[in-house]
Amino acid sequence: MLIRLQKVIADSGLASRRKAEAFIAEGRVTVNGRVVRELGTKVDPQRDHVKVDGRHLKPVPPHVFVMLNKPKGCVSSLSDPAGRPTITDLLSGVRLRVFPVGRLDYDSEGLLLLTNDGALAQALLHPRYHVAKTYAIKVKGVLSEDEIASLERGVILEDGLTGKAIVKKGGKAEKNSWLEITIFEGRKHQVKRMLEAVGHPVLKLTRVRFGPLALGDLPAGRYRYLTDREANALRALVRARLGSSSPSPVTRGSTGSPSRVPSRDHESRAQVRRRAC
Ligand code: URA
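Attention here is on the structure that accompanies the text. (Residues numbered from 1 in each chain as written. Predicted model: local features only at pLDDT ≥ 70, side-chain atom pairs only at ≥ 80, totals over all residues. Heavy atoms only, no water.)

### Re the packing of aromatic side chains
For any pair of aromatic rings, the description rests on two quantities: the centre-to-centre distance and the angle between the ring planes. Overall, the coordinates contain one aromatic pair when judged by the stated rule. Between Y223 and Y225 the ring centres are 6.0 Å apart and the planes differ by 85°, which places this aromatic pair in the edge-to-face class. A relative accessible area of 2% places Y223 in the buried class. With a relative accessible area of 11%, Y225 lands in the buried category. Over the aromatic face of Y106 sits the side chain of R84, whose NZ or CZ is 4.7 Å from the ring centroid. If you follow K164 out to its NZ or CZ, it ends over the ring of F184, 5.1 Å from the centre. (Phe/Tyr/Trp six-rings, centres within 6.5 Å; stacked < 30°, edge-to-face > 60°. Buried < 20%, exposed > 50% of the residue type's maximum accessible area, 1.4 Å probe, protein only. Lys NZ or Arg CZ within 6 Å of the ring centre and 35° of its normal.)

In structure tokens:
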């Protein structure tokens, strides 16, 4: 992510943003060895070497991206005032503090992205980016073609008409059926409310894709670090939606790359104990 130079300096704890601007204007700041006086300059704190008065800024922790297969019966936040099991119980091996990008209901499962890259997380959650989220769902009954068409066009919920969706029919059981639904918004309980609106309550919900990421065969309750390729795909998605032609801000291991962290999925002891989480 490219960030304004004065913010990078301020984030390092060296000075306030206003003071950092003064440092820049006074020619005290170099980026990759060159004096920069332009306040609008953007840099990649993971890649560019920023110095003030010839001294490096304190290193910013590398960006880390984690994919968790959140199990049912687990809150998708880091803590829970009600004392229920949380995703923190499942992430004890992740040393840097990461935050969930969005949420999944307590009784939902599937792909939950976590990162310490706040700017990217914010962008991925922003409605303007329309990040696709795909859910495999089991619903009561079997949807008619009309009901599927209406889900795809948009249904009226109490917070307004939903945007377009893509629905693929899956298998049928005796009284229930499976669907895959892709939505491009992130309202609370959206999929459940949409299916409720067409008369087919959701019985089971698993998020299987988030933007360019696929859950694959990661078992419930386990996590893995994203590869550099996956993290760059997320960044590319945001850049593409921004219509920016700026170069990729990250080219070296800032993503919890497999060279720095184990590439296999992990299961903490707490996780094993809390398999029910
Ligand atoms: N939609 C829902 O209704 N629940 C989730 O957990 C995610 C999407």
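Continuing now.
### Overview of the layout of surface pockets
In this structure, the second largest pocket spans a volume of roughly 450 Å³. Forming the walls of the second largest pocket are 27 residues, and the residues nearest its centre are R103, Y135, E185, G186 and R187. Among the elements of the structure, α3 (118-125), β10 (133-140), α5 (190-197) and β15 (202-210) are those that each provide at least two residues to the lining of the second largest pocket. Tallied by class, the residues present in the lining of the second largest pocket amount to 12 nonpolar, seven polar and eight charged. Composition of the lining of the second largest pocket by domain shows at least three residues from each of domain 2 (65-127 + 213-242) and domain 3 (132-210). (1 Å grid on protein atoms, 1.4 Å probe; cavity = no way out; pocket = protein on both sides within 12 Å on 5 of 7 lines; lining within 4 Å. Points joined across faces, edges and corners; volume = space filled by probe spheres on them. Helix = DSSP H or I, 4+ residues; strand = E, 2+ residues; numbered from the N terminus. Nonpolar A, V, L, I, M, F, W, Y, C, P; charged D, E, K, R; others polar. Domains from an automatic or database assignment.)

### Re helix α4 (residues 145-153)
Within the span of α4, buried status applies to I148, S150 and L151. Taken around the axis of α4, the buried residues stretch over an arc of 165°, which confines them to a single face. For α4, exposure combined with an orientation more than 90 degrees from the buried face picks out E145, D146 and R153. Close packing links the buried residues of α4 with β13 (165-172) and α5. Backbone geometry just downstream of α4 places G154 in the positive-phi region, at approximately 130°. (Arc of directions from axis to C-beta. Contact = heavy atoms within 4.5 Å.)

### Structural notes on the pairing of β15
Strand direction decides the pairing type here: strand β9 (residues 109-115) and β15, joined by two bridges, are parallel. From the neighbouring strand, E109 faces β15, where its bridge partner is T206. Taken together, the seven bridges between β10 and β15 define a ladder with antiparallel strand orientation. Counted as the bridge partner of K138 is K204 from β15. As paired elements, β15 and strand β16 (residues 213-214) share two bridges and run antiparallel to each other. Following the sheet pairing, R209 is matched in β16 by A214. The antiparallel hairpin formed by β15 and β16 contains two residues in its connecting segment, where G211 sits at a positive phi of about 55°. (Pairing = 2+ DSSP bridges.)

So, to be careful, I would describe these as geometric facts and stop short of saying anything about function.
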